[in-house]
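Secondary and tertiary structure notes
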Number of protein chains: 2
Amino acid sequence: MQIIHADIVYSEDREHLAVHPDSYIAVEKEKVKGIWPVLPEEYKSAPLTDYGDGVLIPALSDLHVHAPQYLNRGLEMDLLLADWLDQCTFPMEAKYADPEFAKLAYDAFVDDMIANGTMHACVYGTIHSEATSYLIERMDQKGIKGFVGKINMDRSAPDDLREDPDESIRETEIFLEKYSKNRNTRPILTPRFAPTCTRELINGLGKLGRKYNAAMQTHLVESLWEAEQARLLFPECSCDTEIYERAGLMENGPVIGGHFIFPSEDDIRIMKKYDCYAVHCPDATISVIAGIMKTGTLLDRGLKIGLGSDISAGHHIGVYTQAARAVQLSKLKQFYEPDDNRKITFPEAFWMATKQSGKLFGGTGSLEPGAVFDALVIDGLSDAARKLTPEQVVERFCYIGTKENIKARYMNGEVLFG
Amino acid sequence: MQIIHADIVYSEDREHLAVHPDSYIAVEKEKVKGIWPVLPEEYKSAPLTDYGDGVLIPALSDLHVHAPQYLNRGLEMDLLLADWLDQCTFPMEAKYADPEFAKLAYDAFVDDMIANGTMHACVYGTIHSEATSYLIERMDQKGIKGFVGKINMDRSAPDDLREDPDESIRETEIFLEKYSKNRNTRPILTPRFAPTCTRELINGLGKLGRKYNAAMQTHLVESLWEAEQARLLFPECSCDTEIYERAGLMENGPVIGGHFIFPSEDDIRIMKKYDCYAVHCPDATISVIAGIMKTGTLLDRGLKIGLGSDISAGHHIGVYTQAARAVQLSKLKQFYEPDDNRKITFPEAFWMATKQSGKLFGGTGSLEPGAVFDALVIDGLSDAARKLTPEQVVERFCYIGTKENIKARYMNGEVLFG
C-alpha cells in the first residue's frame, strides 16, 4: 500500500472530468484503492509521496503509431500521402532489414514514448521479423501494455518491402507463436492496408486470427485515394472494412482501425458490430492525409474512438498533443461540414486518450477505485501571476506542455526512474 | 568583429532555403559581414564561438500577439470567438487596470517570447495606459524590435473595457508622444476591430496617424461574423479594410492586419495598394476562429504575409510552431477549397516567419551579408540512429522543437545570457 498526495484529475465519463484537488490516493499493489480529501486514519502509516501542486492524471494510450518511422518525425512534411509513402516512409522502413539499425532506432522510440507519458500502445513494425521481434521484446521488457504487429504487404510496395504471401503468413505465425504469452506487449495481425495486401494474404491472416484468437490493426478509409483503391482491388466488398470482416479478422481479439476518415455506412456498421476501435490521428490527418474524422458524430453514434500519434505522418509522439489537436480539428470539421459533425470538448478528447482507450489494456486509463495505476504527475504549467486549477493544468498541458512537464511516471503502481 | 561556426540556414528567397553546412559567419558590430566554408585568413584573429553541429537561423518575428492574454494560453480552448471574447478574453484584459498585476504578467510574457526565439513583434496591449506603458518600456529595454499598441474600443465591449472615444484618443496621443522616439519598441495605433470601434474613434485615430506618421494594427476579416459586423456597422464601406483606409490610417507607418481569412477583392486591393502585411495565425484560426487563410493564393498574388502566435486564441508563443502549422493548414485548405488555395511549402512558411517579416524591423530576419544579426542556435534534434541535415534540423524544430532546443540567442550581434 502506498499513498500519493496531489491534485487528481481523470475522466468521470465521456463528457466530464473528475477533479479531486489537494487529495490523497491509495494504491494497493498495482490498483487504485480510493481517493480522499483527508487521509483516512487507517492509511496514515503507509508510505506517502507528496507532489504538492502537481496534477496526477492517468497515463496515455497511443492507438496508432509506426515505430520504424520514428526517425522521420517532423521531416519531409510537405508531402501528401502517396508521395510521402514512396519518397519518405518506404525507404526508411526498408532500413529495418538491418537489425543493428533497428535496435538503435527502437530503443530511442520506446524511451521517447515513455518519456512522453504513453504506457499503452498499438504499434506497427515493418515486414522484418527480426527487427519487429526486437521491438516487441523491448516494449514488453519496459512494461508497455499493448500490441506490436509485423506488417504484411505483398503488392504495391517497393521490391525490398514486398513479401511473398506464403512467406508473410509463415513469418507472422512464428511471430504470433513466439510472443502470444507475453506479459505486457502482445502480437497483433497487421495487414498494412488494402492497397498493399492481396485477398490471398488477408485470408491467410484470417486463418491465423482464428487459430491464435489474435487482435488486428490496419488503416481504414484513411484517404479518398485509399477508400477508392479498396473498392477497386476488392470489388466483392461493399466497403474497406468488409475486406477484413470477410476474412474473419474481426471476430477474434480487439480490432483497431486507424484514421477512419471517410467511412461509408457499411464501414460504420461493421465496426460497431464487432465493437472495434477507430483511431483519430489529428496531426497525421492534416499533414499527409487531408481530411478530418467526424469524431463528434461517430462518438454520438456509439463508435469507440481512441487517439493516435501516427508517427511519422503525425510529428509528435506525445498523445497529449493530439487531445488538443482533436478539439481544434473538430471545430474546422464543423466549419467546413456543419451537417456532418459537431465540435468535441476537451473532456471528450482527454477521455479518448485515457479512459476509453485504457479499456483495451486491462482496465487502466482511469484513477477510479479498481483501475490499474498507470499514471503521470504533471507540473510547471502555472504562472507567477496565475495559479491554475487542476483541470486547467491538464488542458494547458495538452496544448503547450512537453515531456519536461511530466515530473513522475507510474506503471502498475510503481514509479519509473530515469 | 566576431566569428561564429555552425551550420547556417536562412531564407534565400520565398521558395528556397540557403544552407551553409559547417561554415563560418562573420558579424561586424550588429551586422552580418559574410559566410564562408573556410575562414578567410584576415578573420583568423577574431574571437570565434563554435556551436559544432548547432544550426544558426534568423530570430523569429511574431506579427500578431496579445500580451495580456498570455496568462490564458492553452485554456478554455473549447470556445469559439464570440463566447471566447466574452467569457475568457475580456475578463482577463479587465485585470490589467491593476498595474501590479500587469507588471508580473508582462515580465513573464516578454521573457517567454525571447526564450522562444521571438525578437521582433507586433503586440496588442489593453485599453489601459499605465499597463501598456509598462509593456512597451519593458520590451524596449529588452531590445525587442517592434510595436506595442494601446487598444482602442468604444462599443460592444464590457463596461470596464469600453472607452469614451475622446478619452481614448487623448490617452493614445500621450502614448504616441511618449514612446515615438524609442530605440527598439515603438507605439502603434490599435483599434481592436470593427465591431468594437465607432467611426468617430477610428477617424480620431486617423488624425493621430497622420500627425505622428504612426503604424497601425487591427484584426481584418478574421471571421464570417466579424466581416458581417463590419458591413453592418460601416455600411458606407465596401469592405472591412476600407473602414481604416477612409480614416487615413493606411498611409502612414506600416499596417499589419491580423488573420485576413475572409477577404473580398476590395480588401485585397486596398492591402496591396498600401503594401500592408496580413498575418496568418494558424492555431488561432483553428481554435477560436474557424476558417483558414488562403495563404498560397495570397502569396502568389503578391500580398505580404507574416506569421503570428496570436496568444491566446493561438496557444503557443513560439512562432516556429506556427510555421509548421501553416504548412499543415494549407493542405486542409486545399482539400476543402481546391479552387481557392494551393498548399504552401516549409521554405515558404519559414520565409514568412523570418525574412519576409524581418523587413518590418530594420533589415533583419536573414543571415545574408548586411542583415542585422538577430539569430538563434538550434540543437538537440538529431537521433543517435540518424544525423539530420541542417535544413532537416530546422524543419523538425518547427514541428516538434521547444525552447529547450534553442541553445543560444543573439540580438544585434550580441549574445543574450540567462
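Keep in mind it's a predicted model, so treat the numbers as computed, not measured. (Residues numbered from 1 in each chain as written. Chains lettered and ligands numbered in written order. Predicted model: local features only at pLDDT ≥ 70, side-chain atom pairs only at ≥ 80, totals over all residues. Heavy atoms only, no water.)

1. Thoughts on the overall build of chain A
Per the secondary structure count, chain A includes 13 helices and 16 strands. By the compact-globule yardstick of 22 Å for 418 residues, chain A fits well, its C-alpha radius of gyration being 21 Å. Each of the three principal axes of chain A carries a C-alpha extent, and together these read 65 × 50 × 40 Å. Looking at chain A as a whole, 67% of its 418 residues qualify as buried. (Helix = DSSP H or I, 4+ residues; strand = E, 2+ residues; numbered from the N terminus. Rg over C-alpha atoms; globule rule 2.2 N^0.38 Å. Buried < 20%, exposed > 50% of the residue type's maximum accessible area, 1.4 Å probe, protein only.)

2. What to know about the packing of helix α11 (residues 319–336) of chain B against helix α13 (residues 390–400) of chain B
Residue and element names in this part refer to chain B. Two numbers describe how α11 lies on α13: the axes approach to 6 Å, and their chain directions differ by 90°. As far as their axial angle goes, α13 and α11 are roughly perpendicular. Contacts between α11 and α13 involve Tyr320, Thr321, Ala323, Ala324, Val327 and Gln328 on the former and, on the latter, Phe397, Cys398 and Tyr399. Split by residue class, the contact of α11 with α13 holds seven nonpolar, two polar and no charged. (Axes fitted to C-alpha atoms, helices over the stretch in contact; angles between N-to-C directions. Parallel < 35°, antiparallel > 145°, perpendicular 65-115°, else oblique. Contact = heavy atoms within 4.5 Å. Nonpolar A, V, L, I, M, F, W, Y, C, P; charged D, E, K, R; others polar.)

3. Concerning the domain arrangement of chain A
All names here are of chain A. Partitioning chain A into structural domains gives domain 1 (2–59 + 364–415) and domain 2 (60–361). Distance from the C-alpha centre of domain 1 to the C-alpha centre of domain 2: 29 Å. Taken residue by residue, the interface counts 32 residues in domain 1 and 32 residues in domain 2. Around 2600 Å² of area is buried between domain 1 and domain 2 when both sides are counted, 63% of it from carbon and sulfur atoms. Looking only at domain 1, the three residues that lose the most surface to domain 2 are Arg14, Cys398 and Met411, adding up to 28% of its buried area. Where domain 1 meets domain 2, there are five salt bridges. A salt bridge links Asp374 to Lys145, with the nearest nitrogen and oxygen atoms 2.5 Å apart. At the boundary of domain 1 and domain 2, one finds 14 residue pairs in polar contact (both at pLDDT 80 or more). Of all the elements in the fold, those that place two or more residues in the side of domain 1 that touches domain 2 are β1 (2–13), β2 (16–28), β4 (48–58), β14 (375–378), α13 (390–400) and β15 (406–411). Of all the elements, α13 adds the most residues to the side of domain 1 that touches domain 2, at five residues. Counted by class, the side of domain 1 that touches domain 2 contains 15 nonpolar, eight polar and nine charged residues. (Domains from an automatic or database assignment. Buried area = accessible area lost by both parts, 1.4 Å probe. Salt bridge = Lys/Arg side-chain N within 4 Å of Asp/Glu carboxyl O. Polar contact = N/O pair within 3.5 Å; in protein donor to acceptor, adjacent residues only side chain to side chain.)

4. Considering helix α9 (residues 282–289) of chain B
Burial of α9(B) is extensive: eight of the eight residues sit out of reach of the surface. Listed in full, the buried residues belonging to α9(B) are Pro282(B), Asp283(B), Ala284(B), Thr285(B), Ile286(B), Ser287(B), Val288(B) and Ile289(B). In this structure, the buried side of α9(B) is in contact with α11 (319–336) and α13 of chain A together with α1 (81–94), β11 (255–259), β12 (277–280) and α11 of chain B. Directly after α9(B), the chain includes Ala290(B), whose backbone phi takes a positive value near 75°.

5. With respect to the relation of the copies chain B and chain A
Once chain B has been moved 0.0 Å along the axis and rotated by 180°, it coincides with chain A to within an RMSD of 0.0 Å. A rotation of that kind, with that shift, is consistent with a two-fold axis. Within chain B, Tyr336(B) has its C-alpha nearest the rotation axis, a separation of 3.7 Å. (Least-squares fit on C-alpha atoms with pLDDT ≥ 70 in both.)

6. Points about the sheet that holds β1(A)
All names here are of chain A. The seven strands lie next to each other as β3-β2-β1-β4-β14-β15-β16, forming an open sheet whose pairing is mixed. Two strands in the sheet have a free side with no partner beyond their single neighbour: β3 (31–36) and β16 (414–415). Bridging between β1 and β2 involves ten bridges; their strand directions are antiparallel. By the bridge assignment, Ser11 is partnered in β2 with Leu17. Strands in contact with helix α12 (residues 346–358) are β1, β2 and β4; relative to β1, the strand with the most contacts, it is inclined by about 120°. (Pairing = 2+ DSSP bridges.)

7. Notes on the sheet that holds strand β16 (residues 414–415) of chain B
All names here are of chain B. One open sheet holds the seven strands; their spatial order is β3-β2-β1-β4-β14-β15-β16, and the pairing between them is mixed. In this open sheet, the two edge strands, each paired with only one partner strand, are β3 (31–36) and β16. Pairing between strand β1 (residues 2–13) and strand β4 (residues 48–58): five bridges, direction parallel. What sits directly across from Asp7, in β4, is Val55.

8. Brief notes about the pattern of salt bridges
Scanning the model with the defined rule gives 57 salt bridges over all chains in all. Between Lys150(A) and Glu163(A) there is a salt bridge, with its nearest N and O atoms 2.5 Å apart. Of this pair, Lys150(A) sits in the loop between β7 (145–149) and β8 (151–152) while Glu163(A) is found in the loop between β8 and α4 (165–179), placing the two residues 13 residues apart along the sequence. Here the two residues Lys150(A) and Glu163(A) agree in accessibility, since each one is buried. When the shortest N-O distance is used, the salt bridge between Lys333(A) and Glu337(A) registers 3.0 Å. Residue Lys333(A) is classed as buried on the basis of its relative accessible area of 4%. Shared partners join several salt bridges into a network, and the residues in it are Arg14(B), Glu15(B), Asp300(B), Arg342(B) and Glu348(B).

9. Describing the packing of aromatic side chains
Following the criterion strictly, the structure yields 27 aromatic pairs over all chains and no others. Seen from their ring centres, Trp36(A) and Tyr43(A) are 5.0 Å apart, and the 35° between their planes marks the pair as tilted. For Tyr43(A), a relative accessible area of 10% translates into the label buried. Chaining the aromatic ring pairs together yields one cluster made of Phe262(A), Phe335(A), Tyr336(A), Phe262(B), Phe335(B) and Tyr336(B). The ring of Tyr70(A) carries Arg73(A) above its face, with NZ or CZ at 3.9 Å from the centroid. (Phe/Tyr/Trp six-rings, centres within 6.5 Å; stacked < 30°, edge-to-face > 60°. Lys NZ or Arg CZ within 6 Å of the ring centre and 35° of its normal.)

10. Considering the environment of Gln87(B)
All names here are of chain B. Along the chain, Gln87 falls in helix α1. The partly exposed category is assigned to Gln87, whose relative accessible area is 47%. Distance in space between the C-alpha atoms of Gln87 and Asp339 is 37 Å, their sequence separation being 252 residues. Not counting chain neighbours up to four residues away, the residues in contact with Gln87 comprise Glu76 and Leu79.

11. Considering the interface of chain B and chain A
One widely used convention gives an interface's size as the accessible area the parts lose upon coming together. Between chain B and chain A, the residue contacts involve 52 residues of the former and 52 residues of the latter. Taken over both partners, the interface formed by chain B and chain A buries close to 4400 Å², and the fraction arising from carbon and sulfur atoms is 58%. Contact with chain A buries area across many residues of chain B, yet Asp78(B), Lys331(B) and Tyr336(B) alone supply 15% of it, more than any other trio. The tally of links between chain B and chain A comes to two salt bridges. With its nearest N and O atoms 3.0 Å apart, the salt bridge here joins Arg73(B) to Asp383(A).

12. With respect to the state of the cysteines
Residues and elements named next belong to chain A. Evaluation of the coordinates by the stated rule reveals zero disulfides over all chains. Of the cysteine sulfurs around Cys239, a residue in no disulfide, the closest is that of Cys237, at 7.4 Å. Note on Cys239: relative accessible area 4%, which makes it buried. Left unpaired, Cys281 is separated from the closest cysteine sulfur, that of Cys122, by 11 Å. (Disulfide = S-S within 2.5 Å.)

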